[in-house]
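So you can see what is in the structure, the chains are spelled out below.
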Protein chains: 2
Amino acid sequence: MGSIVDELEAILAPGQVDTGEVPLRRYAVDQAPVIDFQLPLAVVFPESVADVQSVVKACADSGVAIVPRGAGTGVSGGAHATANCIILSLERMDRILALSPDDETAVVEPGVVNAVLNEAAAEHGLMYAPDPASFRSSTIGGNVATNAGGLRCAKYGVTRDSVLALDVVLADGSLIHTGHQTFKGVAGYDLTGLFVGSEGTLGIVVGITVRLKYLPREVHTVAAFYPDFRLAAAGVLAVGRARVQPAIMELLDGGTLAQLDDIHGSDLTARGKSLLLVQTDGFGAAAEAEVVRRVLRDGGATVTTEASAEAERLVELRRHSRGTEVDDEYRVGEDVAVPRSRLVDYVAALEAMAAGQQVHLKVVAHAGDGNLHPTFWIDRQGPDVEPGAMDRLQVALDESITAALAMGGTITGEHGIGQYKLRWLGQEQPEAVRELQRRIKDLFDPAGVLNPGKAI
Amino acid sequence: MGSIVDELEAILAPGQVDTGEVPLRRYAVDQAPVIDFQLPLAVVFPESVADVQSVVKACADSGVAIVPRGAGTGVSGGAHATANCIILSLERMDRILALSPDDETAVVEPGVVNAVLNEAAAEHGLMYAPDPASFRSSTIGGNVATNAGGLRCAKYGVTRDSVLALDVVLADGSLIHTGHQTFKGVAGYDLTGLFVGSEGTLGIVVGITVRLKYLPREVHTVAAFYPDFRLAAAGVLAVGRARVQPAIMELLDGGTLAQLDDIHGSDLTARGKSLLLVQTDGFGAAAEAEVVRRVLRDGGATVTTEASAEAERLVELRRHSRGTEVDDEYRVGEDVAVPRSRLVDYVAALEAMAAGQQVHLKVVAHAGDGNLHPTFWIDRQGPDVEPGAMDRLQVALDESITAALAMGGTITGEHGIGQYKLRWLGQEQPEAVRELQRRIKDLFDPAGVLNPGKAI
C-alpha cells in the first residue's frame, strides 16, 4: 500500500495535493502561538463535497489525522497541524450557492470569505451579521468552526445565531444535512448547534445555510474619550442602563490608542486615555445616538459633536487594531468574557496584574458583550528576553484567566479553545462536563481522525 | 423491595408524591392529541435540585420512566405519560434565583412562569423575549424543553437564543452546569444548545440562566385588513423587502377572524377576510410603522389610521386566538414553517387541501418567521362524525406536512416533535440523521428512562 499522499494524489486531480516545503510550513499553523510545531504530510485542496468525502475516507482508513482549515486566521491554534496529519484547506470551495432575498437566507460553501458574502448580500439590502475582525479574509466555514463573534454581536448575535443548517461530512465519509432552511425549526436535537463551534472535531462542514439580516440604512457613531480606562468601562454600563442596544460598543485602552497612533499617524492619545466607540443603527439610530451621547457625557466622557464621519473612521481603525501582529510566545492575546457588571472590576484587575508582573498590556473589548481581548507582552532585544520575563508573562496570563473565571466569566468569548487554550479549560469546566464532551467526540469520531487534540 | 411509589414517598416529604386518581389523570397528558393514553404511577413534585437528583436515581435504579413536565401547555405530547412512568412536575421549583439588571441576565428554576419572569424583568426595563402564546401559564423549563418560539421571535429570536447556561440532572442523577453566565462563550461543545429543545430526553433541566433584552419604550402596531388571505401573505414579503424588521408580524385568516368574533364579540370579519398585524418597537418604532403602513396599503390592504390602541387590542386577541380549544383527534393544529418566499404558495396549498378533503381550516401564522399554525378540523354531531371524515382529516394533515417539506420547510417550527409528530419525522430527517440522534440519546440515557419515545 502506498502512502496517504500517493493515495490522495490518485483520488484527486493534479494541483489538489501539495507537499512542497513552503506550503507545508505555511499551512502548518494559524495565527495562534505555536506550542508544538508539526509539519503536515500534505496540504489538500478539495473542490467539491465529493472530494472532501473521498479525502476523509482515505485518511480514516489510513489513520491519518485531518486538520480542516479556512483562511488560517484563527488565533487559538484550531488549525495548527498535529502529528501525522494532512491539512484540509477548504479555500477552493468558495461559491455562494444561493442567495434568496425574500427568504433572507444564503447557502454557501465553507471557503466563502465573510466579506464576500456581505458584499453579495448588500446588493439586496441584507447583511451577514457576524463580523470577526478578520472578516475581510476569514471564511464562513472557519467562522462556523469557532462560532466566531465580532463587533456587531451584542445586537445581532454570534455565528451560531445566524446558522440555520449545515452539510457535514462525518468521520466515515458520509454526508448529512442538519437543521432547517426556515428561520425556526425544532425537529429533533440541535445537531447544527453542536457542530457550530466544534472546531472540525466532529465533522467537516461543507455547506452552510445562513440567515441574513437587514443592512441598516442609517448608522450613527459616537466616539467618547475618557481620562481613565475604568471610567470608559463604566460608560458601557451607563448605555445599558439607558436601555439602548447599540450595534457596536468597543472599548479601547491607552495602549491600544498608542498603537493605532503609531500605525496610522492618528492623534488619539492626545485626546484621551481610553476610547469608547458606540455605533447605533436602524430607524432609531439618531435618537439612540443622542441618548448615548448624553449618558456618556454625564459619565465624564468627551464626546465628539461633529458628524459621525470621524467616529466611523475610528471604528475602521478599531477593526484593524490587531494590526498585522501575530501572537507568539512573547505576545499573547486573550479572549475572556465577564458578566457586564464586572467589566470595571476586571479592567482594574488586569491593570494590576500587568503592573505586578511588569509586563505590557493593551486591551480592546467588545464591551457590549463583556468580551475582552487583553494582550500581554514582553520586550525582546534581538533574540533575547530579559531573564524571568517569560515566566512573568505566563503568570500574568494565568492570573487574567483565573480572575475572569472568579468573576463568573469564560476563558473564551469568541476565539475558541483550539489547541492553545486547552491548558485552561479544566479551570472552567469540571471533569464531568469534559468527559461528556469526550464521549460525544468518540461517538462522532471513534477513530479520532478529525482534528485531534483540539477544542475539548 | 417496595414499589417505586413507596420508595419515592420515603425519599420525599409528605405531599410531594401524589397517586390520587384525579391528579394522575390530569397530569397524564398535555394539550396535544392523545394517541396512547397511559396513566402514570405517580405525580412527583420536587422542590429542590436534590429532590430531582434523588427521584432520577430512584427511577433509574427501578427502570421507571421519568416524564418531566412544566405547566403541561405543550401541544405535541412531549409531556404525555408513557408506560410505567412517573410524571416529574417541576411546577414547585418556581423561584427566580437572581436577576441582575446590569448583567442583563436572570437565573431561574424551571417552574418559573414565563409571564412572572417578564414582570420581574419589566421593573428594570428588561424583558425575557421568547413569548409563546402560553406565556401566561407556561414555564421557562417547558419553554426550554421545546425551544419555544412565540410572536416576537423574528426580531428577538427563539428560546435557545436567550438561554446562556443550564443546570441539568443527568440520567444517573448527577448534576452538571453547561454554558456560560456571559453573553458569549465558546469553550467546548455547545451542550446548552443540545439540551434546549431535547424535550427532557437527555436530562432534566433544573436551572436556567437567561439573557434579558431591553423592554422597548415605544411600540407601534399596524392592523392591515385584506380582501384575501394570499394578498395578506404577500404583505409579509413586502415588509421584508422594505427591510423593516418588525417585532411581531402575525397573519390571521378568515376562519380565525370569525372565531375571534364569536368569542370576543368583535367585528373583524366585517372588515376583511384576512388580517396582518405588524408591531414595531424601539427607538425607530414610529418611522418603521410609517413604512409598514405605506407598503401594506400599496399591496391592497386597508390599514387602520387611528392610534395603535385598537391594533394593540387585536394583538392581544391574537395572543389568545387558540382560545380555550384543546386539540383532539377531531381537531389538529399544525406548526409547520416554510421559507418566507413560499408563504403565499403554502397558504394557497392549504386552502386547496381543505377544500379537497372537505375539512375545516383556519390559519394563524408568525409570518415573519414563515411559521404557520394551520388547524384542520371536522364536525362532530354528538359522539359521531360523518363517515369518512376522520380519514379525510388525516389526509389533509399528511398533505399539509408533505407540502411544507416539499417547499423546503419543517414539520415543527416551535412546538417540538413530542409524541404526536413522530409519525412525520422520518419524512423530514433521513435515517442517518435520526440514527445519530438515537446514539446521542443512548450516550446521555443508556437505560432509556428519560421521557422515552419522545422528540427523536
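Within any chain, residue numbers begin from 1 and follow the written order of that chain's sequence. Chain labels run from A onward and ligand labels from 1 onward, assigned in the order the entries are written. Local features in this predicted model are restricted to residues of pLDDT 70 or higher, and side-chain atom pairs are both shown and tallied only at a pLDDT of 80 or more, whereas totals for entire chains, interfaces and linings draw on every residue. Calculated side-chain values reflect all of the structure's heavy atoms, with hydrogen atoms and water omitted.

Some words on the overall build of chain A
Next, step 1: Only DSSP runs of H or I with at least four residues qualify as helices, and only runs of E with at least two residues qualify as strands; both kinds are numbered from the N terminus onward. Along its length, chain A carries 17 helices and 20 strands.
Next, step 2: Based on C-alpha atoms, the radius of gyration is set beside the globule rule, defined as 2.2 Å times the residue count to the power 0.38. Relative to the compact-globule value of 23 Å for 456 residues, chain A shows a C-alpha radius of gyration of 22 Å, a close match.
Next, step 3: Overall, the C-alpha framework of chain A stretches about 70 × 60 × 45 Å when taken along its three principal axes.
Next, step 4: Here's how the labels work: a residue is buried when its accessible area is under 20% of the maximum for its type, exposed when over 50%, partly exposed in between, all with a 1.4 Å probe on protein chains only. Counting over 456 residues, chain A shows a buried share of 63%.
Next, step 5: We call two residues contacting when some pair of their heavy atoms lies within 4.5 Å. A fraction of 71% describes how many contacts in chain A between residues 6 or more apart in sequence connect residues 24 or more apart.
Next, step 6: A total accessible area of about 15300 Å² is found for chain A, and carbon and sulfur atoms account for 51% of it.
Next, step 7: Only four residue types enter the tally: Lys and Arg on the positive side, Asp and Glu on the negative side, with His and both chain ends excluded. Think of each charge as sitting on NZ of Lys, CZ of Arg, CG of Asp or CD of Glu. Side chains of chain A give 39 positive and 60 negative charges; the mean places of these two sets differ by 5 Å. All accessible areas in this document rest on Shrake-Rupley with a 1.4 Å probe, and a residue is counted as covered only by the protein chains that are shown.

As for the relation of the copies chain B and chain A
For the pair of chain copies, the relating operation is a rotation around an axis with a shift along it.
Next, step 1: Only residues with pLDDT of at least 70 in both copies contribute their C-alpha atoms to the least-squares superposition of the copies. With an axial shift of 0.0 Å and an RMSD of 0.0 Å, the rotation relating chain B to chain A amounts to 180°. Such values leave the two copies arranged in the relation of a two-fold axis. Among all residues of chain B, the minimum C-alpha distance to the rotation axis is found for B:Gly284, at 1.8 Å.
Next, step 2: A shared interface surface links the copies, since 100% of the contact residues of chain B are contact residues in chain A too.

Describing the packing of helix α9 (residues 229-241) of chain B against helix α12 (residues 285-298) of chain B
Residue and element names in this part refer to chain B.
Next, step 1: Their axes nearest at 9 Å, the elements α9 and α12 cross at an angle of 135°. On the basis of their axis angle, the class for α9 and α12 is oblique. Of the two elements, α9 crosses α12, and the hand of that crossing is right-handed. Taking contact as the criterion, the partners of Gly235, Ala238 and Val239 in α9 are, on α12, Val292, Val295 and Leu296.
Next, step 2: Class assignment of the residues belonging to the contact of α9 with α12 gives a composition of 5 nonpolar, 1 polar and no charged. To get an axis, fit a line to the C-alpha atoms, keeping to the stretch in contact for a helix; angles then go from 0 to 180 degrees between the N-to-C directions. Roughly parallel refers to an angle under 35 degrees, roughly antiparallel to one over 145, roughly perpendicular to one between 65 and 115, and oblique to any angle outside these ranges. Here is the rule for handedness: rotate from the far helix to the near one, and if that takes an anticlockwise turn smaller than a right angle the crossing is left-handed, while a clockwise turn gives right-handed. Each residue is assigned to one of three groups, with Ala, Val, Leu, Ile, Met, Phe, Trp, Tyr, Cys and Pro labelled nonpolar, Asp, Glu, Lys and Arg labelled charged, and all others, Gly among them, labelled polar.

Some thoughts on the interface of chain B and chain A
Next, step 1: Taken together, the contact pairs 84 residues of chain B with 84 residues of chain A.
Next, step 2: Accessible-area loss on putting two parts together, using a 1.4 Å probe and summing over both, is the definition of buried area adopted here. Taking both partners together, chain B and chain A bury about 6800 Å²; carbon and sulfur atoms supply 58% of that area.
Next, step 3: By the criterion of area lost to chain A, the three top residues of chain B are B:Lys184, B:Tyr189 and B:Arg243, representing 16% of everything that side buries.
Next, step 4: Note that A:Glu104 and B:Arg340 form a salt bridge whose closest N and O atoms lie 3.2 Å from each other.
Next, step 5: Polar contacts, as counted here, are pairs of nitrogen or oxygen atoms within 3.5 Å of one another; within protein the pair requires one atom able to donate a hydrogen and one able to accept it, and residues that are adjacent in sequence qualify only if both atoms are side-chain atoms. Our count for the contact surface shared by chain B and chain A stands at 37 residue pairs in polar contact (both at pLDDT 80 or more).
Next, step 6: Contributions of two or more residues to the side of chain B that touches chain A are made by α6 (153-156), α7 (159-162), β9 (175-179), α8 (191-195), α9, α12, α16 (422-428) and α17 (431-444) of chain B. Salt bridge, as applied in this entry: a Lys or Arg side-chain nitrogen positioned within 4 Å of an Asp or Glu carboxyl oxygen.

Observations concerning the sheet that holds strand β1 (residues 17-18) of chain B
Residues and elements named next belong to chain B.
Next, step 1: At least two bridges found by DSSP between two strands is the condition for calling them paired. If you walk across this open sheet you meet the 4 strands as β1-β2-β4-β3, and the pairing is mixed. Sheet topology places β1 and β3 (65-69) at the edges, where each strand pairs with a single neighbour.
Next, step 2: Bridge count between β3 and strand β4 (residues 85-89): 5 bridges; the pairing is parallel. Its bridge partner lying in β4, Arg69 is registered against Ser89.
Next, step 3: Against the sheet, helix α3 (residues 49-62) contacts β2 (42-44), β3 and β4, and its axis sits at roughly 170° relative to β4.

As for the domain arrangement of chain A
All names here are of chain A.
Next, step 1: Domain boundaries assigned for chain A yield domain 1 (96-214), domain 2 (219-319) and domain 3 (331-420).
Next, step 2: Residue ranges for the domains trace back to a domain assignment, done automatically or taken from a database. Using only C-alpha atoms to locate each centre, domain 2 and domain 3 end up separated by 22 Å.
Next, step 3: Contact with domain 2, which involves 16 residues of that partner, is made by 17 residues of domain 3.
Next, step 4: Of the roughly 1500 Å² buried between domain 2 and domain 3 on both sides combined, carbon and sulfur atoms contribute 61%.
Next, step 5: Contact with domain 3 buries surface across domain 2, with Phe229, Arg230 and Leu237 losing the most and accounting together for 34% of the total.
Next, step 6: Across the domain 2-domain 3 interface, the total number found is 1 salt bridge.
Next, step 7: Counting across the interface, domain 2 meets domain 3 through 7 residue pairs in polar contact (both at pLDDT 80 or more).
Next, step 8: A per-class count over the side of domain 2 that touches domain 3 returns 8 nonpolar, 4 polar and 4 charged.

Observations regarding the nonpolar core
Next, step 1: Joining through side-chain atoms within 4.5 Å is the link that ties buried Ala, Val, Leu, Ile, Met, Phe, Trp, Tyr and Cys residues into a set, and such a set is a nonpolar core. In terms of nonpolar packing, the biggest core is built from 64 residues, with A:Ile440, A:Phe444, B:Ile440 and B:Phe444 touching the most fellow members.
Next, step 2: Those residues in contact with A:Phe444 that lie beyond four places of it in its chain are A:Leu170, A:Ala171, A:Leu194, A:Phe195, A:Leu202, B:Leu436 and B:Ile440.
Next, step 3: One finds B:Val222, B:Ala242, B:Tyr330 and B:Val359 within the second-largest nonpolar core, a separate group that totals 55 residues.

Quick word on the UniProt feature "domain: FAD-binding PCMH-type" (unreviewed entry) in chain A
Next, step 1: UniProt positions are given in the numbering used here, feature names are shortened, and annotations may be inferred rather than shown by experiment. UniProt marks residues 36-215 of chain A with the feature "domain: FAD-binding PCMH-type" (unreviewed entry), using the numbering shown here.
Next, step 2: Here residues 36-215 of chain A runs as 24% helix and 26% strand, with 43 Å between its end C-alpha atoms.

With respect to the pairing of strand β10 (residues 204-211) of chain A
Regular strands show a simple pattern: their side chains alternate between the two faces of the sheet.
All names here are of chain A.
Next, step 1: By the criterion of burial, β10 is predominantly enclosed, with 8 of the 8 residues buried.
Next, step 2: Here strand β6 (residues 105-108) runs beside β10; their pairing, made up of 4 bridges, is antiparallel. Counted as the bridge partner of Val108 is Ile208 from β10.
Next, step 3: Pairing analysis gives 6 bridges linking strand β8 (residues 163-169) to β10, with the strands arranged antiparallel.

Focus on a nonpolar patch on the surface
Next, step 1: A patch consists of residues exposed above 30% relative accessible area that lack any salt bridge, with like charges linked at up to 9 Å and nonpolar side chains (Val, Leu, Ile, Met, Phe, Trp, Tyr) linked at up to 5 Å. Together, A:Val34, A:Phe37 and A:Leu39 give the surface a local cluster of nonpolar side chains, amounting to about 220 Å² of exposed area.
Next, step 2: For A:Leu39, the position within the fold is in the loop between α2 (21-26) and β2 (42-44).

Some details on the side chain of A:Glu199
All names here are of chain A.
Next, step 1: Inspection of the secondary structure assignment puts Glu199 in the loop between α8 (191-195) and β10.
Next, step 2: With no salt bridge to any partner, buried Glu199 finds its closest opposite charge in Lys454, at an N-O distance of 7.0 Å.
Next, step 3: A distance of 2.9 Å separates a polar atom in the side chain of Glu199 from the backbone nitrogen of Ile417.
Next, step 4: When sequence neighbours within four positions are dropped, the list of residues in contact with Glu199 reads Gly78, Ala145, Gly416, Ile417, Gly418, Asn451, Lys454 and Ala455.

Remarks on unusual backbone geometry
Residues and elements named next belong to chain A.
Next, step 1: Positive phi is not limited to glycine here, since Asn147 has a value of about 50°.
Next, step 2: Residue classification places Asn147 among the buried positions, given a relative accessible area of 9%.
Next, step 3: Non-glycine residue Glu199 carries a positive phi angle of around 55°.

A short note on the side chain of A:Arg340
Next, step 1: As for its position among the elements, A:Arg340 is in the loop between β16 (331-333) and α14 (343-357).
Next, step 2: In terms of polar contacts, A:Arg340 uses its side chain to reach the backbone carbonyl oxygen of A:Gly368, at 2.9 Å.
Next, step 3: The contact partners of A:Arg340, leaving out residues within four places of it in the chain, are A:Val236, A:Leu237, A:Gly240, A:Met249, A:Ala367, A:Gly368, A:Gly370, B:Asp102, B:Asp103, B:Glu104, B:Phe183 and B:Tyr214.

What about the sheet that holds strand β17 (residues 360-366) of chain A?
Residue and element names in this part refer to chain A.
Next, step 1: In space, the 7 strands of this open sheet follow the order β15-β12-β14-β13-β17-β18-β16, with antiparallel pairing throughout. Each of the sheet's edge strands pairs with one partner strand only, and the pair in question is β15 (302-303) and β16.
Next, step 2: The sheet strands contacting α14 are β17 and β18 (371-377), and the helix crosses β18 at an angle near 5°.

Concerning the pairing of strand β5 (residues 96-100) of chain B
Residues and elements named next belong to chain B.
Next, step 1: Sheet topology places β5 next to strand β6 (residues 105-108); 4 bridges connect them, and they run antiparallel. Bridging across to β6, Ile96 finds its partner in Val108.
Next, step 2: Once β5 ends, the chain turns through 4 residues before running back antiparallel as β6, passing Glu104 with a positive phi of about 60°.

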